[in-house]
Amino acid sequence: MAFKTSVQKYQGRIGEVTLGVGEKAVKIGGENTLPFYSFDGEIGNKTAVGMEIIDVAPEGWLDELQTAYKDVYSDTAAWAKFVQDTYAPDFICLRFEGADPNGMDRPAEDCAEIAKKVADAIEIPLVVAGTNNHEKDAKIFEKVAAATDGKNVLLMAATEDNYKAVGAAGGMAYSHKVGAESSVDINLAKQLNILLTQLGVKPENIVMHVGCAAVGYGFEYVSSTFDRIRLAAFGQNDKTLQMPIITPVSFETWNVKESLASEEDEPLWGSREDRGIALEVSTASAVLVSGANAIVLRHPESVKTIRTLVDQLI
Amino acid sequence: MALTGLDIFKLTPKKNCKDCGFPTCLAFSMKVAAGGIEIEKCPHMSEENLSKLSESTAPPMKALTVGAGANEYKLGGETVLFRHEETLVNRNRFAVAIKDTDSADVVNSKIENIKKVDFERIGERMKAEFAAFIYTGNKEAYIANIKAVLASGAELAYMVVCEDVAVAKEALELLKDTNPILHGATAANYEQMVDVAAAGKYALGLRADSLEDLYELTSKVQSKDYKELLLDAGSKTIKEAYTNAIQIRRTALKDGDRTFGYPSIIFVNDLAKDNKFMEIALSSIFTIKYGSILVIEDMDFARGHSVWALRQNIYTDPQRPMRVEPKAYSVNNANDESPVLCTVDFALTYFIINGEIEKSKVPTWLLIPDAGGYSVLTAWAAGKFSGSIIANFVKESGVEQKTKSRKLIIPGKVAVLKGDIEDSLPGWEVVVGPNESMQLPKFLKDLYQNA
Ligand code: B12
Ligand code: SF4
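If you're wondering where the values come from, they're calculated on a predicted model, not measured in any experiment.

## Thoughts on the sheet that holds strand E11 (residues 264–266) of chain B
Residues and elements named next belong to chain B.
Here comes step 1: What the eight strands build is a closed barrel, ordered E3-E6-E7-E8-E9-E10-E11-E12; its pairing is parallel. Direction aside, neighbouring strands of the sheet carry axes that sit 25° apart on average.
Here comes step 2: In this sheet, strand E7 (residues 157–161) lies alongside strand E6 (residues 130–134) in parallel orientation, the contact comprising five bridges. Within the sheet, the bridge partner assigned to Phe130 lies in E7 and is Ala157.
Here comes step 3: Lying on the sheet, helix H11 (residues 276–288) is in contact with strand E3 (93–99), E11 and strand E12 (293–296); it crosses E12 at an angle near 175°.

In structure tokens:
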């Protein structure tokens with residue numbers, strides 16, 4: 001008996017979503033197979049790899065990154081342009097760390113102004129992330145949506161608490177893309193997509209953020225949530241789960257001990273930069289083969305590694 | 001047609017003697033039917049029934065035992081493709097490549113790294129488990145490397161990666177007490193290789209240019225009645241290795257074809273082409289997608305902290321409690337003046353926090369209420385780590401009798417609970433700690449000095 005390739009055909013397919021406008025717009029999703037299972041069917045668009053910047057000085061970031069950005073970080077738009085021109089990621093993810101009510105509490109109006117400047121300064125798509133304070137984020141996203149009208153920005157993300165405001169502004173009043181954020185649970189992901197579509201946001205304007213954790217910090221739940229969501233989207237042809245997934249890996253991996261500990265504190269462990277990249281690359285690779293269609297990273301070396309990996313998997 | 005647990009049960013001796021490790025013959029039969037164990041594990045089966053069953057009930061993927069003593073490992077034996085279906089049982093293992101082209105200095109440095117990167121994470125030891133001796137033509141250096149590693153005292157299992165039968169035999173002679181893996185049977189040498197492997201009962205790795213050829217080779221080796229096998233997923237391109245690893249596992253588990261029902265070997269180092277971060281990326285994807293032994297170029301903490309943490313997550317066993325018992329734990333010999341620090345009963349959180357307190361050397365009472373076994377924020381969001389739950393547990397746990405200190409440190413991530421707790425605990429001062437555990441040692445030392 002000779003070997004025959006084992007093929008699994010599915011009914012379902014992930015929708016295709018476009019981020020940004022013009023020549024540098026990026027399409028994600030469109031696959032009808034598990035990640036890179038080209039022997040089963042079509043693997044869709046290339047996984048998009050974006051880079052994170054923030055609206056304040058990157059104080060807690062690696063020394064190496066603070067140095068790389070020292071001439072640009074005081075002007076967020078210049079920072080965005082620098083990242084685009086130097087590292088050529090697929091998109092920029094601007095996170096409003098400075099808007100956190102427990103921190104600097106930058107007003108939503110100011111965030112909108114910054115977002116607009118950034119969107120005008122770059123050609124690649126813009127993803128905007130909030131503060132994790134859902135009330136504040138609703139205000140930020142409402143203002144940002146208006147200020148960046150026409151740029152087809154992804155607002156990351158609407159949650160169960162604020163989806164009405166974020167969905168109405170981002171997905172209806174202005175035609176942006178709406179992120180739907182749930183906490184590592186297939187049912188919550190499904191429910192939020194249903195709520196957003198009932199509100200009037202079209203499925204093709206939704207991108208899911210289904211939760212993330214650094215490897216070693218509850219990642220087993222992340223991995224299984226991805227598997228279950230994808231198998232339901234393909235195998236059961238569940239339309240309410242056929243949105244592409246974006247995963248902000250860097251938001252998690254730079255906050256755990258393995259990447260935070262200084263070389264003085266842990267002399268045996270070696271270069272902090274290496275450890276930080278390692279954790280980012282490992283987590284990103286793991287979500288990549290679990291089904292993420294877009295990934296947010298912080299370190300240029302991680303971006304290089306993950307893009308090479310994607311290119312060699314397709 | 002697959003046999004059911006009951007079909008199998010009818011053919012067991014029905015003695016319920018537990019020699020198979022199961023409480024009853026029926027329980028054992030159910031497990032056999034699920035592909036989780038071999039029928040041969042019942043020592044009391046009649047010859048006749050055994051031969052009836054052994055072919056039809058053999059697990060879809062063979063479990064191999066390799067290495068010896070403290071360095072013995074099980075590989076394979078998986079029954080599902082996704083971890084939400086059932087626990088994955090035998091975690092993948094890492095082999096550091098020791099090549100005959102490595103200088104003595106390089107070999108020594110690799111050995112030192114293997115010894116150095118050896119730590120505990122959440123109660124589990126993390127270290128590189130294998131040395132993979134790779135032969136490319138220099139026999140003298142090859143044998144010298146094996147001797148150097150053996151003499152180094154590094155705790156390892158071994159893999160002889162060598163297609164030259166005569167050299168392999170010599171290498172195996174040095175390693176014969178360690179139950180090594182022999183890797184390198186090809187279409188050209190497999191008959192001799194099978195003989196060598198069978199003589200020592202060593203697990204044998206098979207290698208071919210394509211999946212079709214590998215399938216043919218495996219069929220031939222199986223027909224020589226040797227079934228202690230590993231399959232090399234290939235290392236020409238990343239795409240090929242990924243495809244092959246998935247095809248091998250799927251063919252066995254989904255299609256029930258035992259020709260591919262063996263653990264895999266993936267030479268991640270060759271695929272990564274001397275790029276450490278690519279090696280980490282590939283080690284991660286093959287930890288999720290079906291690598292059993294991953295060969296890497298070298299070991300350091302960047303690799304260990306990331307990839308082994310991922311592996312620990314993917315192979316968590318839901319059967320082993322991930323919770324710790326709610327109570328007031330004494331850390332660093334807490335006494336009647338030590339402050340109280342509060343966290344949740346999620347094992348991961350407990351191990352991390354306990355480790356950091358130990359590192360600070362500050363005597364501390366670690367108070368752990370019943371928080372549903374969740375992480376700090378998960379428990380808080382689920383209403384299982386509220387101000388009243390913490391306040392009540394301060395009273396119930398008796399910690400008020402154990403220490404005169406009335407300082408209660410709470411995780412920074414639940415700073416909002418401060419007011420609630422203080423309202424229900426007159427006389428106590430609630431101190432909001434840092435967000436991340438790694439800031440705890442400094443925080444505790446400062447607190448201690450100012451006390
Ligand atoms: C895995 C996970 C789950 C798992 C549970 C795993 C578990 N055993 O806890 C599951 C899938 C079950 C789950 C469920 C839910 N989850 Co959840 N989950 C996570 C996830 C991805 C990782 C959590 C984890 O393991 N962290 C690792 C541990 C070690 O962290 P930790 O306990 O906080 O400990 C650290 C620090 O707090 C500190 N620390 C700990 N103790 C102490 C003590 C002191 C004194 C100090 C100083 C420091 C300190 O040290 C540790 C290391 O730095 C997080 C997101 C994330 N990336 O963190 C969301 C997250 C915690 N979940 C969340 C939510 C909302 C939920 C649900 C309520 C969702 C729902 N609506 O059902 C449910 C709740 C449970 C339920 N109702 O069934 C939210 C919480 C939002 C918030 N800010 O309140 C999060 C943050 C995700 C998000 N962004 O939305 N979750
Ligand atoms: S060893 Fe055999 S006879 Fe004894 S309980 Fe197990 S299955 Fe039954």
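## Points about the sheet that holds strand E5 (residues 126–129) of chain A
Strand pairing in a sheet relies on backbone hydrogen bonds, with the paired strands running either antiparallel or parallel.
Here comes step 1: On the basis of which strands lie adjacent, the open sheet formed by eight strands has the order E8-E7-E6-E5-E4-E3-E10-E9 (chain A) and parallel pairing. Both edges of this open sheet fall to strand E8 (206–209) and strand E9 (246–247) of chain A, since each of them pairs with a single strand only.

## Brief notes about the pattern of salt bridges
Here comes step 1: A complete count under the given rule lists 49 salt bridges over all chains for this structure.
Here comes step 2: Here Lys110(B) makes a salt bridge to Asp102(B), at a shortest N to O gap of 2.8 Å. Both residues of the pair, Lys110(B) and Asp102(B), belong to the buried class.
Here comes step 3: Its salt-bridge partner being Arg323(B), residue Asp370(B) comes within 3.0 Å of it at the nearest N-O pair. Taken together, the positions of Asp370(B) in the loop between strand E15 (364–368) and helix H14 (376–381) and Arg323(B) in the loop between helix H12 (301–314) and strand E13 (327–331) put the pair 47 residues apart, joining distant regions of the chain.
Here comes step 4: Because the salt bridges share partners, they merge into one network encompassing Asp274(A), Lys276(B), Glu279(B), Asp300(B) and Arg303(B).

## With respect to the site of ligand 2
Here comes step 1: Lining the immediate environment of ligand 2, one finds Pro13(B), Lys15(B), Asn16(B), Cys17(B), Lys18(B), Asp19(B), Cys20(B), Cys25(B), Phe28(B), Cys42(B), Pro43(B) and His44(B).
Here comes step 2: By residue class, the composition of the shell around ligand 2 is seven nonpolar, two polar and three charged.

## Some words on helix H6 (residues 165–175) of chain B
Residue and element names in this part refer to chain B.
Here comes step 1: When H6 is considered as a whole, its buried residues turn out to be Val165, Val167, Ala168, Ala171, Leu172 and Leu175. Buried residues of H6, viewed axially, fall in a sector of 155°; they line one side.
Here comes step 2: N-cap assignment for H6: the residue whose side-chain oxygen lies 3.0 Å from the backbone N of Ala166 is Asp164.

## Describing the packing of aromatic side chains
Residue and element names in this part refer to chain A.
Here comes step 1: As enumerated under the stated definition, the model contains 22 aromatic pairs over all chains in all.
Here comes step 2: Connected via pairs of aromatic rings, a cluster forms that spans Trp61, Tyr69, Trp79, Phe82 and Tyr87.
Here comes step 3: The cationic tip of Arg95 hangs over the ring face of Phe251; the distance from NZ or CZ to the ring centre is 4.6 Å.

## Things to note about the domain arrangement of chain B
Here comes step 1: Along its sequence, chain B is carved into domain 1 (5–57), domain 2 (63–315) and domain 3 (328–450).
Here comes step 2: Between the C-alpha centres of domain 1 of chain B and domain 2 of chain B there is a distance of 31 Å.

## Observations regarding the site of ligand 1
Here comes step 1: What surrounds ligand 1 is a group of 37 residues, the closest being Cys212(A), Thr343(B), Thr349(B), Ser375(B) and Val376(B).
Here comes step 2: Ligand 1 is flanked by residues contributed from chains A and B.
Here comes step 3: Tyr217(A) is positioned with one of its backbone polar atoms (N or O) 3.4 Å from an oxygen atom of ligand 1.
Here comes step 4: Glu436(B) is positioned such that a nitrogen or oxygen atom in its side chain is 2.9 Å from an oxygen atom of ligand 1.
Here comes step 5: Among the secondary structure elements, those contributing two or more residues to the shell around ligand 1 are strand E14 (340–342), helix H13 (347–360), H14 and strand E16 (407–410) of chain B.
Here comes step 6: When residues of the shell around ligand 1 are assigned to their parent elements, the largest contribution, five residues, is made by H14(B).
Here comes step 7: For the shell around ligand 1, a count of residues per class yields 23 nonpolar, 10 polar and four charged.

## Quick look at the packing of helix H9 (residues 238–253) of chain B against H11(B)
The relative placement of two packed helices is expressed as an angle between their axes plus a distance between the axes.
Residue and element names in this part refer to chain B.
Here comes step 1: As a packed pair, H9 and H11 sit with axes 11 Å apart at the nearest point and diverge in direction by 20°. The orientation of H9 with respect to H11, classified from their angle, is roughly parallel. Of the two possible hands of crossing, H9 and H11 adopt the one that is right-handed. On H11, the residues that touch Ile238, Ala241, Tyr242 and Ala245 of H9 are Met278, Leu282, Ile285 and Phe286.
Here comes step 2: Residue classes in the contact of H9 with H11 are distributed as eight nonpolar, no polar and no charged.

## Considering the interface of chain B and chain A
Here comes step 1: Each partner contributes to the interface: chain B provides 48 residues, whereas chain A provides 53 residues.
Here comes step 2: Across the chain B/chain A interface, buried area totals approximately 4,500 Å², and carbon plus sulfur atoms make up 64% of it.
Here comes step 3: Connecting chain B to chain A are five salt bridges.
Here comes step 4: For Arg250(B), the salt bridge is made with Asp40(A), and the minimal N-O distance between the two is 2.5 Å.
Here comes step 5: The interface formed by chain B and chain A contains 18 residue pairs in polar contact (both at pLDDT 80 or more).

## Concerning helix H4 (residues 104–116) of chain B
Residue and element names in this part refer to chain B.
Here comes step 1: Look at H4: 18 Å from first C-alpha to last across 13 residues, which is about the 18 Å you get at 1.5 Å a residue.
Here comes step 2: Residues Val107, Lys110, Ile111, Asn113 and Ile114 constitute the buried set of H4. For H4, the buried positions fall inside an angular range of 160° around the axis, keeping them on one side. Of the exposed residues in H4, the ones pointing more than 90 degrees away from its buried face are Ala104 and Asp105.

## Concerning the side chain of Glu297(B)
All names here are of chain B.
Here comes step 1: In this structure, Glu297 sits in the loop between E12 and H12.
Here comes step 2: Classification of Glu297 by relative accessible area gives buried; the value is 17%.
Here comes step 3: Of the polar contacts made by the side chain of Glu297, one reaches the side chain of Lys99; its length is 3.2 Å.
Here comes step 4: Of the polar contacts made by the side chain of Glu297, one reaches the side chain of Asn269; its length is 3.1 Å.

## Considerations on the pairing of strand E10 (residues 294–297) of chain A
All names here are of chain A.
Here comes step 1: Of the two faces of E10, both are covered, the one formed by Ala294 and Val296 as well as the one formed by Ile295 and Leu297.
Here comes step 2: Relative to E10, strand E3 (residues 48–54) runs parallel, the two sharing four bridges. Following the sheet pairing, Gly50 is matched in E10 by Val296.

## Considering the pairing of strand E4 (residues 91–95) of chain A
Residues and elements named next belong to chain A.
Here comes step 1: By the criterion of burial, E4 is predominantly enclosed, with five of the five residues buried.
Here comes step 2: Of the two faces of E4, the one carrying Phe91, Cys93 and Arg95 and the one carrying Ile92 and Leu94 are both buried.
Here comes step 3: Direction of pairing for E3 relative to E4: parallel, over a ladder of five bridges. Following the sheet pairing, Met51 is matched in E4 by Ile92.
Here comes step 4: Here four bridges tie E4 to E5, and the two strands are oriented parallel to one another. Counterpart to Arg95 in the pairing with E5 is Ala129.

Rules used in this analysis
- Residues numbered from 1 in each chain as written.
- Chains lettered and ligands numbered in written order.
- Predicted model: local features only at pLDDT ≥ 70, side-chain atom pairs only at ≥ 80, totals over all residues.
- Heavy atoms only, no water.
- Pairing = 2+ DSSP bridges.
- Helix = DSSP H or I, 4+ residues; strand = E, 2+ residues; numbered from the N terminus.
- Axes fitted to C-alpha atoms, helices over the stretch in contact; angles between N-to-C directions.
- Contact = heavy atoms within 4.5 Å.
- Salt bridge = Lys/Arg side-chain N within 4 Å of Asp/Glu carboxyl O.
- Buried < 20%, exposed > 50% of the residue type's maximum accessible area, 1.4 Å probe, protein only.
- Near = heavy atom within 4 Å.
- Nonpolar A, V, L, I, M, F, W, Y, C, P; charged D, E, K, R; others polar.
- Arc of directions from axis to C-beta.
- Polar contact = N/O pair within 3.5 Å; in protein donor to acceptor, adjacent residues only side chain to side chain.
- Phe/Tyr/Trp six-rings, centres within 6.5 Å; stacked < 30°, edge-to-face > 60°.
- Lys NZ or Arg CZ within 6 Å of the ring centre and 35° of its normal.
- Domains from an automatic or database assignment.
- Parallel < 35°, antiparallel > 145°, perpendicular 65-115°, else oblique.
- Left-handed = near helix turned anticlockwise from the far one by under 90°.
- Buried area = accessible area lost by both parts, 1.4 Å probe.
- Expected span 1.5 Å × (residues − 1).

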